[in-house]
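Architecture at a glance
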Amino acid sequence: MSAASAESSAGASCWRLAGADLLELTSSARERLATAFAGWLDQLETGLTLVACSRRLTMEPAIPAPMVEAGAAGYPGAALEAARLAHLRSDLELRPRYRRPVFLILPAAGGGEDEIVSQLAQRCQLTGARATGLPALAEGEVREAASALRQGGRWLVSLRLGRLPGVEVEPGWLWTLLEVAAEYDLAIHIRPRPGLAADRHLRRRMRGLRARVLAAGADGGDPRLDAALEAAGRLRRVLATGTGRVFEVAVTVSLGADSLAEARAQERAMRARMDALRGNLLPAWLDQLPARLESVAAVSPARWHLVDTIELATFWPWLDAGRDPSSDVSLLGRHQRTGRPVALDLHSGHQLANANLGVVASSGSGKSYLAGLVGLEAVRRGQLVVVVDPENEHRRWCQAAGGEYLDLSDQPAVGFNIMELGDPGDVPLAAMELVGLLCGPLSTAESGCLLGTLDRLLETPSPSLVLGDCLQPLQATSEGRALADRLRPWVQGSPGGLFSRPGRGPRVRSALGIGIRDLPPSWVPGATLLVSRWLWAWAKSEPGVKQVIVDEAGLLADNPALQTLISQLARRIRKYRGSLMLLTQAAGDLAGGAGEVAAVNSATMMLGGQVAAGALRLQEAFDLDDHQREWLQQAGRGHFLLVSGTRRCPLLVEAPALHHAWLTGQTPAGSAWEPH
Ligand SMILES: Nc1ncnc2c1ncn2[C@@H]1O[C@H](COP(=O)(O)OP(=O)(O)OP(=O)(O)O)[C@@H](O)[C@H]1O
Ligand SMILES: [Mg+2]
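On a predicted model such as this, the values are computed, not experimentally measured, just so you know. (Residues numbered from 1 in each chain as written. Chains lettered and ligands numbered in written order. Predicted model: local features only at pLDDT ≥ 70, side-chain atom pairs only at ≥ 80, totals over all residues. Heavy atoms only, no water.)

Attention now moves to the sheet that holds strand β19 (residues 546-550). Through backbone hydrogen bonds, the strands of a sheet pair up, either in parallel or in antiparallel fashion. A sheet is described by the order of its strands in space; here 11 strands give the open sequence β14-β13-β23-β22-β21-β15-β20-β19-β16-β18-β17, paired in mixed fashion. Each having just a single partner strand, β14 (341-344) and β17 (404-407) make up the two edges of the open sheet. The sheet shows a mean angle of 25 degrees between the axes of neighbouring strands, direction not considered. As defined by bridge partners, strand β15 (residues 357-360) adjoins strand β20 (residues 578-584) across four bridges and the pair is classed as parallel. When the bridges of β20 are listed, glycine 358 appears paired with leucine 582. Its contacts with the sheet place helix α19 (residues 560-572) against β19 and β20, and it is angled at close to 130 degrees to β20. (Pairing = 2+ DSSP bridges. Helix = DSSP H or I, 4+ residues; strand = E, 2+ residues; numbered from the N terminus. Axes fitted to C-alpha atoms, helices over the stretch in contact; angles between N-to-C directions. Contact = heavy atoms within 4.5 Å.)

In structure tokens form, the structure reads like this:
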């Protein structure tokens with residue numbers, strides 16, 4: 001451990017605490033947390049330091065080398081897993097990423113530290129444990145130069161907060177500094193200032209400031225003096241009215257780089273960011289060693305600023321909450337702000353009300369691509385996937401992933417026999433419904449005749465019994481003759497291949513796509529009834545974890561069989577270890593139709609590109625702030641806002657090379673992956 005961090009731990013207690021990424025929450029959840037943080041600060045009686053330690057992520061041991069070569073094990077899951085690991089590795093090589101854990105350091109204060117920390121954790125929903133110290137930024141002998149330190153081959157440059165932000169800032173503003181692509185220790189020192197002493201100090205400060213204002217008066221005044229005077233006045237009012245407390249805050253940051261030039265570039269980046277907020281960070285000229293020690297809480301800072309509780313609470317440092325995903329969650333892409341991989345586990349039962357995923361995005365936003373990626377990731381994880389595909393877009397990846405694609409217009413190899421599908425008790429009514437969809441409304445006499453026929457036929461169940469077997473008995477009665485004539489074309493020739501053919505539907509091995517685009521429109525209602533009966537029966541009887549995907553659900557809005565299936569699946573598939581992913585285009589669908597079913601029944605939503613009116617609807621429906629709404633309006637292809645509980649995570653959908661090749665048929669340059 002470095003000399004600096006060794007000193008930081010002497011006599012002090014250190015905790016590593018993780019918390020919600022404030023910038024990723026709804027504005028009300030953000031406000032709740034900031035208020036909770038302020039409440040905790042208000043009770044604070046001791047000084048402490050929060051240190052955000054940014055460290056570059058390296059590949060080991062976070063991401064192990066692929067254990068299997070693509071396709072080696074013959075199972076697509078193995079190839080997909082190898083592709084996922086390769087993707088994460090190359091992503092880290094291309095784009096440096098940083099982990100930014102936050103540590104809390106309390107001076108030895110004779111007990112009670114655990115209580116202080118557990119209060120903070122409870123109020124602000126933080127998790128964590130005691131730590132032995134901060135991770136080292138550099139190790140070895142320290143040598144001091146005028147404007148940098150040299151330690152173990154690294155260069156360390158320290159800066160101190162010279163002026164607080166001169167614009168109004170919200171909790172989360174610290175991200176402006178934290179996001180700089182660099183390794184650093186950024187320490188926020190906090191100490192409560194007793195009311196009387198603070199007031200005396202403020203009075204003195206105001207007197208001094210007024211004198212300077214007067215002196216500058218002839219030249220038209222200095223806005224910074226005015227602002228400082230106004231800030232001091234406000235703090236005095238806070239004290240006088242008891243609406244908060246006054247604290248001293250100091251920020252010291254030490255940047256660590258492998259060359260002096262790199263350290264200087266990072267220093268410039270960080271200073272520019274503070275300048276943009278009309279504050280400033282000052283280089284610790286000739287004072288590098290003390291400043292470095294400040295950045296690890298080993299010594300008390302040289303430069304403090306007075307703030308009230310609310311201002312101090314804006315220094316919330318937990319702004320990058322993600323963990324790198326393990327292999328048992330679905331990798332969907334990258335966090336737009338932090339660059340971290342974003343993964344989804346729809347089946348993490350205790351956290352989510354259900355496993356469903358609703359997607360609302362305009363045409364061309366990349367919904368089907370996302371659906372395919374969710375499907376492939378489910379296959380990788382050993383789940384079974386069924387895609388209802390109104391636009392016939394999912395054939396390639398279903399087949400590449402070792403699955404099957406049934407184009408219903410193309411005489412599928414397996415039969416969906418209404419006489420065999422689903423609960424046997426429901427078969428007569430289901431067959432009646434199918435005949436109604438094919439032949440048009442039935443008269444009362446026709447219904448009675450058909451029901452009698454079906455009951456008689458089903459008395460001796462046989463797998464070879466099909467809808468066409470009703471023809472003869474119907475023909476033989478005067479009430480049924482006309483119906484038989486209407487039914488005949490449906491149970492013979494090519495329609496008969498679909499509507500009157502033995503078979504209990506397909507077996508699902510990995511993925512199964514069902515294409516309905518090329519069916520004649522008059523076939524669609526009947527065909528979707530068959531698919532729906534099969535799908536629901538499959539979802540209930542298949543013991544494994546299942547992902548059902550209904551793409552372009554809006555296109556099927558006027559299809560009663562599918563609507564029934566969708567709401568059945570949406571409400572009940574969870575009980576059968578299943579998840580329904582429902583995709584639709586228009587935010588307008590949210591009021592009725594597929595969008596509403598998705599929105600009401602999906603614990604997780606993905607919102608993509610929208611025109612202004614659509615974005616406004618989504619803003620209202622999903623408690624988005626203006627910034628998130630604007631993001632949706634500008635969202636390009638593959639940009640989605642992941643909505644789950646109070647989380648609103650801006651996601652760029654990115655697939656590993658093999659997944660992408662299977663989804664699009666395009667093999668990325670220089671890649672060995674071959675689309676099947
Ligand atoms: N994240 C992505 N990365 C790379 N290519 C993508 C991504 N998302 C979509 N695409 C490509 O963009 C095109 C449009 O995407 P897609 O068909 O998924 O959009 P959609 O929202 O389903 O549109 P529609 O509503 O018209 O069906 C496709 O060629 C797809 O391969
Ligand atoms: Mg699509």
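Examined at the domain level, the protein chain breaks down into domain 1 (3-58 + 94-313), domain 2 (353-414 + 505-664) and domain 3 (417-504). Its C-alpha centre places domain 2 at a distance of 32 Å from the equivalent point of domain 3. Taken together, the 18 residues of domain 2 in the interface contact 20 residues of domain 3. Carbon and sulfur atoms make up 67% of the surface buried where domain 2 meets domain 3, a total of about 1600 Å² over both sides. The largest per-residue losses of area from domain 2 upon contact with domain 3 belong to Trp523, Leu530 and Arg533, which jointly make up 42% of the total buried on that side. If you look at where domain 2 meets domain 3, you find zero salt bridges. (Domains from an automatic or database assignment. Buried area = accessible area lost by both parts, 1.4 Å probe. Salt bridge = Lys/Arg side-chain N within 4 Å of Asp/Glu carboxyl O.)

Take the nonpolar core next. Membership of the largest hydrophobic core comes to 65 residues, with the highest contact counts inside it found for Leu467 and Trp534. Counting the residues that make up this core, at least three belong to each of domain 2 (353-414 + 505-664) and domain 3 (417-504). The contact partners of leucine 467, leaving out residues within four places of it in the chain, are Asn417, Ile418, Met419, Ala431, Leu434, Val435, Leu438, Leu487, Val491, Phe499 and Ser500. (Core = buried A, V, L, I, M, F, W, Y, C linked by side-chain atoms within 4.5 Å. Buried < 20%, exposed > 50% of the residue type's maximum accessible area, 1.4 Å probe, protein only.)

Below, the discussion takes up the site of ligand 1. Among the 16 residues in the neighbourhood of ligand 1, the closest are listed as Ser363, Gly364, Lys367, Ser368 and Tyr369. Between ligand 1 and the protein, one listed contact pairs an oxygen atom with a backbone N or O atom of glycine 366 at 3.0 Å. Take serine 368: an N or O atom from its side chain is 2.8 Å from an oxygen atom of ligand 1. Listed by contribution, the elements that provide at least two residues to the shell around ligand 1 are α11 (367-380) and α23 (657-664). Here the residues of the shell around ligand 1 are counted per class, giving two nonpolar, 10 polar and four charged. (Near = heavy atom within 4 Å. Polar contact = N/O pair within 3.5 Å; in protein donor to acceptor, adjacent residues only side chain to side chain. Nonpolar A, V, L, I, M, F, W, Y, C, P; charged D, E, K, R; others polar.)

For the rest of this paragraph, the subject is the packing of aromatic side chains. On inspection of all chains with the given rule, the structure shows 11 aromatic pairs. Residues phenylalanine 37 and tryptophan 318 carry aromatic rings whose centres are separated by 6.2 Å and whose planes lie at 80 degrees to one another, so their mutual orientation is edge-to-face. Taken together, the residues phenylalanine 37 in helix α2 (residues 27-42) and tryptophan 318 in the loop between α10 (309-313) and β13 (330-335) connect sequence positions 281 residues apart. Tryptophan 318 matches phenylalanine 37 in its accessibility class, with the two residues each being buried. Each ring, one from tryptophan 316 and one from tryptophan 318, has its centre 5.0 Å from the other, and the planes form 70 degrees; the classification is edge-to-face. Since its relative accessible area comes to 0%, tryptophan 316 is described here as buried. (Phe/Tyr/Trp six-rings, centres within 6.5 Å; stacked < 30°, edge-to-face > 60°.)

Overall, the coordinates contain 32 salt bridges when judged by the stated rule. Between glutamate 311 and arginine 234 there is a salt bridge, with the nearest N and O atoms lying 2.5 Å from each other. With a gap of 77 residues between them, glutamate 311 in helix α10 and arginine 234 in helix α7 (residues 223-241) connect regions that are remote in the sequence. Residue classification places glutamate 311 among the partly exposed residues on the basis of a relative accessible area of 23%. When the shortest N-O distance is used, the salt bridge between arginine 264 and glutamate 267 registers 2.7 Å. In this pair, arginine 264 and glutamate 267 are both assigned in helix α8 (residues 260-276), three residues apart and thus about one turn of the helix distant. The network of salt bridges with common partners includes Glu81, Arg84, Glu377 and Arg380.

On to the pairing of strand β21 (residues 604-607). Successive side chains on a regular strand alternate, one facing one side of the sheet and the next facing the other. Residues Thr604 and Met606 of β21 are buried on one face, and the alternating residues Met605 and Leu607, pointing to the opposite face, are buried as well. Taken together, the four bridges between β15 and β21 define a ladder with parallel strand orientation. For valine 360, the partnering residue across the bridge sits in β21 and is leucine 607. Where β21 meets strand β22 (residues 639-644), four bridges bridge the pair, whose relative direction is antiparallel. Residue pairing for β22: methionine 606 is matched across the bridge by leucine 642.

Now for helix α6 (residues 195-216). In this model, α6 (22 residues) spans 31 Å end to end at C-alpha, consistent with the 32 Å of a helix rising 1.5 Å per residue. The secondary structure elements touched by the buried residues of α6 are β9 (183-193), α7, β10 (246-257) and β12 (305-308). (Expected span 1.5 Å × (residues − 1).)

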